[in-house]
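These are the residues of each chain, in order.
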Amino acid sequence: MEPTQRKMKILEAVVEAYIRTGEPVGSKSLCESLDLSVSSATVRNDMAELASIGLLEQTHTSSGRIPTELGYRIYVDQLMHSAVLTKYEQSRIDDALYLSADAPEHLLESAAALLSGMTKYAAVAASPSGESAVIRRIRFVQTGRCTAMAVLITSTGSVKTRLFRCEYIITPEIIEMFDKTVNEHFADVAVTGVTPAFMQSTAASLGEMSMLMSNVLMAVLDASREAASTSVSIKGQPNLFLIPQLASNDGKRVMELLSHSGEISRLLRSAETKASVLIGSETNDPALSNLSIVVSHYAASELCRGALAVIGPVRMDYSKVTAALEYTADKVGELLREMLEFD
């Protein structure tokens, strides 16, 4: 085996041993576990060279070596072997997702909870961006003598609701009028196109009827604004407090970050490929410097795309986590296609 190949084999073994045990890895244990046909001294020298180029580090003078961020990066990009989920694990994912396939929001929440349970880390499910969504249908449901609810359904499967009140008694005939009038003006309109200016134009076209429907139009405007954003479901946040490398202050900052869906969406968008790994400082957020994020994207159509992610320690089993994410993302995309009737 060439020296460079041997060093990469040693790096791979150190990363996998450290992921498995959490203990620094010494040259003696590597010689016992690897068939390298070289002495312990040679392995020790190779480990020293790997440390000199920033792939391994030594926590104490007399201890073994552990991977650096760069070492993990080389491992993930070049050395990691793809894990294969067991039949039981696949069935567990299938069963949980099928049970939640009644609505896109329920499906994504289930996916996040499932991934958190399987990995024992935090998991995130982000809905498809609403920027490319169009309004498929708006329904109205009477909730009281003078109140009703607008239910806006988009092409990405997003369902947004808004309550509104009228200064008159609502009857089934009025609900039918709301339904007919609003859908004539809003069906197939992009949610980002529902602006105050668009509303003014619509109200003007309604003439005197707009006086009866001002609160109805405001409810549709509010629902459209929400549908244009990306919703994020996060499960298993308390698991992050069990990570030894995460100090209490860091944990608080992480929880604060996770409470802002916009920041999470930004992180997920920064991982552009189907399966991506952001390690430590690669997240470009000091609060996440001791964590890694593994991201996998799902697609129900060309324009209906979202992301699933697992947030955990830098010392995580990337191969296993990636396998679970990719399988779950494929199933989510498949079920969304069926739900939304995309070809």
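Higher on the page you've got the structure.
Read on for a plain summary of the structure. (Residues numbered from 1 in each chain as written. Predicted model: local features only at pLDDT ≥ 70, side-chain atom pairs only at ≥ 80, totals over all residues. Heavy atoms only, no water.)

Digging into the layout of surface pockets
Approximately 310 Å³ is the volume attributed to the largest pocket. In terms of lining residues, the largest pocket is bounded by 14 residues, among which Ser127, Ser129, Arg269, Arg305 and Gly306 are the most central. Secondary structure elements with two or more residues in the lining of the largest pocket: helix H11 (261-270) and strand E10 (305-313). Its residues placed into classes, the lining of the largest pocket shows 4 nonpolar, 7 polar and 3 charged. (1 Å grid on protein atoms, 1.4 Å probe; cavity = no way out; pocket = protein on both sides within 12 Å on 5 of 7 lines; lining within 4 Å. Points joined across faces, edges and corners; volume = space filled by probe spheres on them. Helix = DSSP H or I, 4+ residues; strand = E, 2+ residues; numbered from the N terminus. Nonpolar A, V, L, I, M, F, W, Y, C, P; charged D, E, K, R; others polar.)

Describing the environment of alanine 329
Position of alanine 329 among the secondary structure elements: in helix H12 (residues 318-340). For alanine 329, a relative accessible area of 2% corresponds to the buried category. Placed 30 residues apart in sequence, alanine 329 and alanine 299 show a C-alpha to C-alpha distance of 8.1 Å. Residues within four places of alanine 329 in sequence aside, it is in contact with Ser296, His297, Tyr298 and Leu308. (Buried < 20%, exposed > 50% of the residue type's maximum accessible area, 1.4 Å probe, protein only. Contact = heavy atoms within 4.5 Å.)

Focus: unusual backbone geometry
With a phi angle near 70 degrees, aspartate 188 is a residue other than glycine that sits in the positive phi range. Relative to the helices and strands, aspartate 188 resides in the loop between helix H7 (172-186) and helix H8 (196-206). Judged by its relative accessible area of 62%, aspartate 188 is exposed. Positive phi, normally seen in glycine, also occurs at asparagine 284, with a value near 60 degrees. Here asparagine 284 lies in the loop between strand E8 (275-279) and strand E9 (291-299).

Focus: the packing of helix H5 (residues 87-99) against helix H6 (residues 104-119)
When two helices pack together, their arrangement is given by the angle between the helix axes and the distance between those axes. Interhelical geometry of H5 versus H6 gives an angle of 150 degrees and a closest axis separation of 9 Å. The angle between the axes of H5 and H6 places the two elements in the roughly antiparallel class. Viewed along their axes, H5 and H6 form a crossing whose handedness is right-handed. Contact residues: H5 offers Glu89, Arg92, Ile93, Ala96 and Leu97, while H6 offers Leu107, Ser110, Ala111, Leu114, Gly117 and Met118. Classifying every residue of the contact of H5 with H6 gives 7 nonpolar, 2 polar and 2 charged. (Axes fitted to C-alpha atoms, helices over the stretch in contact; angles between N-to-C directions. Parallel < 35°, antiparallel > 145°, perpendicular 65-115°, else oblique. Left-handed = near helix turned anticlockwise from the far one by under 90°.)

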